[in-house]
Amino acid sequence: PASEAQQQAYLALLRDTKRALRKDGLEISVAVPGHDSNISPDTWRIVDRLHLMSYDHVAPHASMAHSGADIAFWRRAGCPPGKIYLGVPFYGRNDASEAETWASLHARGASHESDSYGGFHYNGCSTLSAKVQLVREHRLGGLMIWQLGQDVEGEHSLLRCLGTAAGLDR
């Protein structure tokens, strides 16, 4: 929202949507930028989850430092940690802000054991594992993935890395 009127209209939309969805036992979430947001605190008072898009920063676009700063930004703004879901990208971004899916990067030779390939920065297994720990340390609600369809199957899957880090592979 770029103005107070837009902010109020946005909040009214969220309230009306939540009221409509509650009848069917559904919840409401919003995706928000990791930084520099003018989203009203009333937003997280209304929604059930805040999906923190902790990526698309300057290179490297989804670093641990960026995630820590993004979490701190929303916590300082008063958002309860249990409503925050840390977003992780299943794609890479280069210094020119061009994006490429993990599947494409992997097909070209990128390793899931690294965080960069061919000028593109992404989150490999060790960074994803560290982000699982960051979620636990800050007692956040969980993780959000952008976008699952950009992953690969098998042993080089980023989802598999997250499952292992979370202890879900046992």
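Whatever comes next refers back to the structure up there.
Figured I'd write up the structure that's included with this text.

Scoring rules and cut-offs
- Residues numbered from 1 in each chain as written.
- Predicted model: local features only at pLDDT ≥ 70, side-chain atom pairs only at ≥ 80, totals over all residues.
- Heavy atoms only, no water.
- Pairing = 2+ DSSP bridges.
- Helix = DSSP H or I, 4+ residues; strand = E, 2+ residues; numbered from the N terminus.
- Axes fitted to C-alpha atoms, helices over the stretch in contact; angles between N-to-C directions.
- Buried < 20%, exposed > 50% of the residue type's maximum accessible area, 1.4 Å probe, protein only.
- Polar contact = N/O pair within 3.5 Å; in protein donor to acceptor, adjacent residues only side chain to side chain.
- Contact = heavy atoms within 4.5 Å.
- Phe/Tyr/Trp six-rings, centres within 6.5 Å; stacked < 30°, edge-to-face > 60°.

## Re the sheet that holds strand 1 (residues 29–33)
In step 1: Taken in spatial order, the 4 strands of this open sheet run 1-2-3-8, and their pairing is parallel. Single-partner strands in this sheet number two, and they are strand 1 and strand 8 (142–146). Here the average twist between neighbouring strands, direction ignored, is 30°.
In step 2: Note: strand 2 (residues 49–53) against strand 3 (residues 84–89), 3 bridges, orientation parallel. The residue bridging Leu 50 from the neighbouring strand is Ile 84, located in strand 3.

## Things to note about the side chain of Thr 127
In step 1: Inspection of the secondary structure assignment puts Thr 127 in helix 5 (residues 125–137).
In step 2: Of the residues examined, Thr 127 reaches a relative accessible area of 10% and is grouped as buried.
In step 3: In this structure the side chain of Thr 127 is engaged in a polar contact, spanning 2.4 Å, whose partner is the side chain of Asp 115.
In step 4: The contacts of Thr 127, once residues within four sequence positions are left out, are Met 64 and Asp 115.

## Description of the packing of aromatic side chains
In step 1: Enumeration according to the criterion identifies 4 aromatic pairs in this entry.
In step 2: Where Tyr 55 meets Tyr 91, the ring centres are 6.0 Å apart and the plane angle is 80°; that geometry is what we call edge-to-face. Taken together, the positions of Tyr 55 in the loop between strand 2 and helix 3 (64–76) and Tyr 91 in strand 4 (residues 91–94) put the pair 36 residues apart, joining distant regions of the chain. Comparing Tyr 55 with Tyr 91 shows no difference in burial state: the two are buried.
In step 3: On the numbers, 5.4 Å between centres and 80° between planes, the contact of Phe 73 with Trp 74 is edge-to-face.
In step 4: Residue classification places Trp 74 among the buried positions, given a relative accessible area of 1%.

## A look at the environment of Ala 59
In step 1: Checked against the element boundaries, Ala 59 lands in the loop between strand 2 and helix 3.
In step 2: A relative accessible area of 35% means that Ala 59 is categorised as partly exposed.
In step 3: Expressed as a C-alpha distance, the spacing of Ala 59 and Ala 96, which sit 37 residues apart in the sequence, is 9.0 Å.
In step 4: Not counting the four nearest positions on each side in its chain, Ala 59 is found in contact with Asp 95 and His 121.

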